[in-house]
Amino acid sequence: MMEATDREDLLVDADQVVVPPNGGMNELLDVTHEDNLQGQMGEFLDPQAEYNEEEEERKYYRRKRLGVIKNVLAASVAAMIVYSVYMGLLQMQLILHYDMTYREVKYSNLGLEDIDRKMLMGINVTPIVGLLYTPVLIRFLGTKWMMFLASGIYALFVSTNYWERYYTLVPSAVAIGATIVPFWASLGNYITRMAQQYYEYVNYKQEHVQEQTRLPKGACHSYIIIFQSVFYIIFNLSFVFAEFPMVFILNRDLQEKDDILDNVHKCGAEIHGLIPGFNTTVLTKLPQSMQLIYVESVLMAFAFLAMIIFLALCGPAYRPTEEIDLRSIGWGNIFQLPFKHLRDYRLRLLCPFFIYSGFEAMFAITGFSLSYGVCVLGLKKLWLLVSVYGLFSSIFSSLPLLLLRLPRWVCLAGGAVVHFVLLIVLFAFSPKPKEDWYLYPLLVIAALWGLGSALNRTGVNILLGMLYAEEKERLDFVYSIYHWWQAIAIFIVYLCSNLPMRAKLSILLATLLLACYCYWVMERRLALKVQYRLPRIPRPRHKVKGYRYLEEDNSDESDSEKSEDDEVDEEDGGLVQEEQGVQEEEEEEVWGAESPGARRRGAVGHPRRPQGADQMEREKEEKEGG
C-alpha cells in the first residue's frame, strides 16, 4: 500500500505544470531589448562601410576651389560694374555741363563749370594722401569690407547727381578721390590672396599647407597669372559698358562735327591743351529732365548691384585669426610699414613703371581720345574710340596667360615695345579736323594702345604678385604703394593738361624708357641674387580676452579631465612665459631693481628673488658636499 501511494504522488507531481514567475519572463525580455539596443548603437557608432574619408575630403576641397573661382569672378564683375557706372556717369555729366546752353537754361546762377573744375580737382588731387591711410583702412575693415565700402562711396557719387549742387557734387568727388587708392589696393590684394588660397586647396595634403607655414617660392605663380588675367579680361569691359549712356541717350542730341569743330584748325601733335577752339555749344537740344533721372536711376541700381555682389558673393580674403593677426601688430607699425617697404630695391625700381601705368591710362582716355579722336571726328565718335580701346584691352588681357610658359619679363617688355612704337607715330601724326577717312587709322591706334595697356597693367599686377607671393602679410602694403604712385601720375596728368601735345608725348616716352631701364636693373639684380631689404613685421600682440583665441579650449572640461597633450601644452606655455620673463628682466639694470615694471611683474605672478637667496643656496651646496 505504501509503495502504491508513493507511485500515485509521483504521477500527480509529474502531471502538474510548473509555471515560472513573472520576474523571470521580464528578465528574458530585458536581455533581448538590451541586445537590440546595443546592436543599433553599434551600427550607428561604427564607421559606415560606404563612408570614404578621402573621398569626402576631396569633395570638400573641390567645393573650396569652386568657391575661390566664384570669389574671383564676383570681384571682377563687381569692379567692372562700379567703374562702368562711374565713368559713364562722369562722361555724361562733363559733356552736359560743358554745354553753355545747358548751364544757362538749367543752372544759370549755379556756376556748373566752376563746380566741375573743383570736382575734377577733388578726384585727382585727393588720392595723393592715400598712402597715409590705405593700409590702416584695409586692416581695420578687412579686404572684403574695404571693397564693399568703396563701392558704396561710388554709389554715393551717383546719388548726388539727382541734386546737382556744390555741396553735393564736390564732397562726393573728394570722397571718390579718397577711395581710389584703398579700392584698388584691396582689389589687387584680394585677387592675389585668392590665388594663394586656390593653391592651398589644391595641395591640401602638403605638410606646409596643413601647418599653415610660408608657401614654397614660386608655388602659386601660375594661379596668380591666371586670376589676374581673368580679372582684367572682365574689368576692361567697363570701358565698353561706360559708353552705353553716351550711345543710347546723348548721341542723338549732339551736334555734327562741322558745327562743333568750326573753329578748330589743327589736331594731334601740333595742338596745345586738349582741343583749342572747340565750340562751347555741343547739344542740338537739351535732354529731358525725366530722361536723365531714368538714366541715373538705372546707374544707381547697377551701383547697388555691385555692392550686393561684393557683400554676398565675395568671400573673405583671410581667415578670422589671420585678420586679427594683421591688425594686432599695432596701428603705428601699420602706418609706417608702407614707407619702410620702399627700402626694398624691387619696389623702388618698379616705381617708374607704376607711374607710367597711370600716365598711359589717362592719356588713352583724355589725351588720345580728345586731342586726336574728338578733335578730328567730333563728339559722336568718342564712344567708338573708347569702346574699341576697352574691347581690345579686354581681349589682349588674355595674352599674359603665355607667362605660364614664357619668362615674366615678356609681358612688360611687349607692352613697352607696342607703346614705344605708338608714341613715335603720335609724335608725327597731326590729322586735320573734320576728315572722315582718319577714322580707321585712329581705331587701329586705339586697338594697339589697348594691347599695350593690357600687357602693362596685367603684367605689373602679375609681377607684384609673383615677387611677394610668399609674403601674404605684405600684400596690402605693396599694392598700396603701387596704386599710390599711379595716383601721383594721374595728378601730374591733371596738372599738365594744358601743355603742348609733344611735351606730353615726351614725358610719356621718357617715363617709359626709364621704367624699362629700371626694370632691367631689377631683373639683373635678382638674377645675381642681390639680397633685397624687407622691413621686419612685428609679431602680433594679442589681448588675453580675445574670444577667437579661446576656440581650441573646451569650457566644459574640468581639470581632472584634461588630456596629457593639454598638460604638455600648458608646460610649454609656462616655459615660454618664463623665458619671456627672463628676457624682460635682463633688460633692467639690476636683478632686483625696484622699477615699476619689476614690481608689477611681481604682483602678477613673477615673484622677485628674496634678499640673501644666493648665499643660502651656496651654504646648502657646501653642506651637501661636506
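See the structure printed just above.
As the structure is a computational prediction, the values presented were derived from the model and not from experiment.

(A) Quick peek at the state of the cysteines. What the rule picks out here adds up to one disulfide. Between the sulfur of Cys267 and that of Cys375 lies a disulfide, 1.9 Å long from S to S. Between Cys267 and Cys375 the sulfur-sulfur dihedral comes to about -80°; the bridge is accordingly left-handed. Highlighted residues: Cys267 in the loop between α13 (257-260) and α14 (289-312) and Cys375 in helix α17 (residues 345-377), separated in sequence by 108 residues.

(B) Up close: the packing of helix α10 (residues 221-235) against helix α20 (residues 439-467). Closest axis-to-axis distance for the α10/α20 pair is 9 Å, and the angle between their directions is 150°. On the basis of their axis angle, the class for α10 and α20 is roughly antiparallel. Here the hand of the crossing between α10 and α20 comes out right-handed. Contact residues: His221, Ile224, Ile225, Gln228, Ser229 and Tyr232 in α10; Arg457, Thr458, Asn461, Ile462, Gly465 and Met466 in α20.

(C) Layout of the side chain of Asn456. Considering the arrangement of structural elements, one finds Asn456 in helix α20. When its relative accessible area of 3% is taken as the criterion, Asn456 is described as buried. Look past the residues within four positions of Asn456 in its chain and what remains in contact with it is Phe353, Tyr356, Ser357, Glu360 and Leu412.

(D) How the structure looks around the packing of aromatic side chains. This structure, assessed with the given rule, holds 38 aromatic pairs. A ring pair is formed by Tyr232 and Phe235, whose centres lie 6.4 Å apart and whose planes are at 85°; its orientation type is edge-to-face. Placement of the pair is Tyr232 and Phe235 together in helix α10, with a separation of three residues, close to one helical turn. With respect to burial, Tyr232 and Phe235 carry one shared label: buried. Considering the side-chain rings of Phe244 and Phe248, the 5.6 Å spacing of their centres and the 80° angle between planes classify their relative orientation as edge-to-face.

(E) Region of interest: empty space enclosed by the protein. Under the definition given, this model contains five cavities of 30 Å³ or more. One number sums up the size of the second largest cavity: a volume of about 60 Å³. Lining of the second largest cavity is provided by Ile138, Arg139, Gly142, Thr143, Asn189, Tyr318, Glu323, Leu326, Arg327 and Asp476. The set of elements that each furnish at least two residues to the lining of the second largest cavity consists of α6 (130-141) and α15 (320-327). Considering every element that reaches the lining of the second largest cavity, the biggest residue donor is α15, with three residues. Here the residues of the lining of the second largest cavity are counted per class, giving three nonpolar, three polar and four charged.

(F) The arrangement of the layout of surface pockets in detail. The computed volume of the second largest pocket comes to approximately 510 Å³. The wall of the second largest pocket is formed by 24 residues, among which Gln212, Glu322, Leu326, Lys472 and Glu473 lie closest to the centre. Elements supplying a minimum of two residues to the lining of the second largest pocket: α8 (166-202), α9 (207-210) and α15. In terms of residue class, the lining of the second largest pocket is made up of nine nonpolar, four polar and 11 charged.

(G) Looking closely at the pattern of salt bridges. With the rule as written, the count across this model stands at 13 salt bridges. A salt bridge links Glu471 to Arg214, with the nearest nitrogen and oxygen atoms 3.2 Å apart. With Glu471 in the loop between α20 and α21 (475-495) and Arg214 in the loop between α9 and α10, this pair connects stretches of sequence that are 257 residues apart. What makes Arg214 exposed here is its relative accessible area of 53%. Notably, a salt bridge pairs Glu256 with Lys380, separated by 3.0 Å at the nearest N-O pair. With Glu256 in the loop between α12 (244-250) and α13 and Lys380 in the loop between α17 and α18 (382-396), this residue pair connects regions lying 124 residues apart in the sequence.

(H) Broad picture of unusual backbone geometry. Despite not being glycine, Lys434 shows a phi value in the positive range, around 60°. You can see Lys434 is positioned in the loop between α19 (409-428) and α20. Even without being glycine, Lys529 reaches a positive phi, approximately 60°.

(I) Structural context of the environment of Glu323. One can find Glu323 in helix α15. Apart from the residues within four sequence positions on either side, Glu323 is in contact with Gly142 and Tyr318.

(J) Looking closely at the side chain of Glu164. Along the chain, Glu164 falls in the loop between α7 (143-159) and α8. One buried charged side chain, Glu164, makes no salt bridge at all; its nearest oppositely charged neighbour is Arg165, positioned 6.5 Å away. At 3.2 Å, the side chain of Glu164 and the side chain of His97 are in polar contact.

(K) Region of interest: α15. Along α15, the positions that sit buried rather than exposed are Glu322, Glu323, Ile324 and Leu326. Residues of α15 that are buried sit in contact with α6, α8 and α16 (331-340).

(L) Representation of a nonpolar patch on the surface within the structure. Residues Tyr162, Trp163, Tyr166, Tyr167, Met290, Ile293 and Tyr294 make up a contiguous nonpolar surface patch of roughly 790 Å² in combined accessible area. Looking at the nonpolar patch, the elements with two or more residues in it are α8 and α14. No other element matches α14, which puts three residues into the nonpolar patch. Secondary-structure assignment places Ile293 in helix α14.

Cut-offs used in this document
- Residues numbered from 1 in each chain as written.
- Predicted model: local features only at pLDDT ≥ 70, side-chain atom pairs only at ≥ 80, totals over all residues.
- Heavy atoms only, no water.
- Disulfide = S-S within 2.5 Å.
- Helix = DSSP H or I, 4+ residues; strand = E, 2+ residues; numbered from the N terminus.
- Axes fitted to C-alpha atoms, helices over the stretch in contact; angles between N-to-C directions.
- Parallel < 35°, antiparallel > 145°, perpendicular 65-115°, else oblique.
- Left-handed = near helix turned anticlockwise from the far one by under 90°.
- Contact = heavy atoms within 4.5 Å.
- Buried < 20%, exposed > 50% of the residue type's maximum accessible area, 1.4 Å probe, protein only.
- Phe/Tyr/Trp six-rings, centres within 6.5 Å; stacked < 30°, edge-to-face > 60°.
- 1 Å grid on protein atoms, 1.4 Å probe; cavity = no way out; pocket = protein on both sides within 12 Å on 5 of 7 lines; lining within 4 Å.
- Points joined across faces, edges and corners; volume = space filled by probe spheres on them.
- Nonpolar A, V, L, I, M, F, W, Y, C, P; charged D, E, K, R; others polar.
- Salt bridge = Lys/Arg side-chain N within 4 Å of Asp/Glu carboxyl O.
- Lys, Arg positive; Asp, Glu negative; His and termini not counted.
- Polar contact = N/O pair within 3.5 Å; in protein donor to acceptor, adjacent residues only side chain to side chain.
- Patch = residues over 30% accessible without salt bridge, like charges linked within 9 Å, V, L, I, M, F, W, Y side chains within 5 Å.
- Areas by Shrake-Rupley, 256 points an atom, 1.4 Å probe, with all protein chains shown as cover.

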